[in-house]
Amino acid sequence: MAAFFAENSKFPKIIKIPEPLDLEYSFQNAVEFANSEEGLLSSSSIELPRTLKNACLKRKTDYIRGRQCAFTAFRKMGIEATGKLLPDERRIPTWPKNCLGSITHSKNITWAIVSSKANYHGLGIDCEFYLTAERTAKLMSSICAPSEILLGKKLNLDKNIFLTLIFSVKESIFKCLYPQTHVFFGFKDAEITKIDLKNSCFSYLLKKRLDEKYPTNFTSNGSFYLGDEYILSLVSIMNSKP
């Protein structure tokens, strides 16, 4: 079982979560947590980590909204999550025992997905608003391998949309695998080998060995949603059934 929760966003129903068939999940528009960022900060019971004590207001409220979404998602699963979800030394949320999840925020949107470790080894979710043409020209060569640029041309996708998609799915891959392996890998250490626009899914291949479970040439897949203003991507690694 896994659960989503989002603030200030409509559920993109095209997003798919892999089997098992008994997987149930829910997603709904969030009720406004506060009328303003200042109100949210003063009314929330979420504890800020020491690293954010002197941060700007937006960073603090992004953090609080992300944790609130995660706690809401746990409640949707019927789990009363305890703990503060504080980040560890690697900036990974300290999830409740036997649980895991992923949080993303971009501009005024916050999303969270959580699940039991009985079902998943890893979850990664990312939201990105579409890049400008200027940013695309600057970032394309540092994010995409030549084979990925060729893939984009074959798909006949707008360059800004294509690079935002590649950026987002690679962020989701990292957020799914890094908490498991604690091995850093860059944009070009994961190669997107297939993008299926009709079914909103993609395949990827690791170009770098992370550990025994994730060796060089490890392959898996994920899902994405192309919205009017942003892209949402999801990567998950399921537990193998006995």
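The sections below set out a description of the structure shown in this document. (Residues numbered from 1 in each chain as written. Predicted model: local features only at pLDDT ≥ 70, side-chain atom pairs only at ≥ 80, totals over all residues. Heavy atoms only, no water.)

In this section: the nonpolar core. Core analysis: the biggest nonpolar cluster contains 30 residues, and I173, L177, I192, I195, F202 and Y204 have the highest contact counts within it. Every element with two or more residues in this core is listed here: α3 (133-143), α5 (159-181), β5 (190-196), β6 (201-206) and β8 (230-238). Per element, the largest residue contribution to this core is 9 residues, and it comes from α5. Discounting chain neighbours no more than four positions away, the residues touching I195 are L151, L155, F162, L165, I166, C201, F202 and F224. One finds L48, Y63, A73 and M77 within the second-largest nonpolar core, a separate group that totals 19 residues. (Core = buried A, V, L, I, M, F, W, Y, C linked by side-chain atoms within 4.5 Å. Buried < 20%, exposed > 50% of the residue type's maximum accessible area, 1.4 Å probe, protein only. Helix = DSSP H or I, 4+ residues; strand = E, 2+ residues; numbered from the N terminus. Contact = heavy atoms within 4.5 Å.)

For the rest of this paragraph, the subject is the environment of V235. Position of V235 relative to the elements: it lies in strand β8. Along the chain, V235 and G122 lie 113 residues apart, while their C-alpha atoms are 8.0 Å from each other. With near-sequence residues (within four places) excluded, V235 lies in contact with G122, L123, G124, V169, S172, I173, C176, F202, Y204 and N221.

Attention now goes to the sheet that holds β5. What the 5 strands build is an open sheet, ordered β4-β8-β7-β6-β5; its pairing is antiparallel. Because the sheet does not close on itself, it has two edges, and the strands there are β4 (120-129) and β5. If you compare each strand with its neighbour and ignore which way they point, the axes differ by 25 degrees on average. The strands that α5 touches are β4, β5, β6, β7 (219-226) and β8; relative to β4, the one it contacts most, it runs at about 150 degrees. (Pairing = 2+ DSSP bridges. Axes fitted to C-alpha atoms, helices over the stretch in contact; angles between N-to-C directions.)

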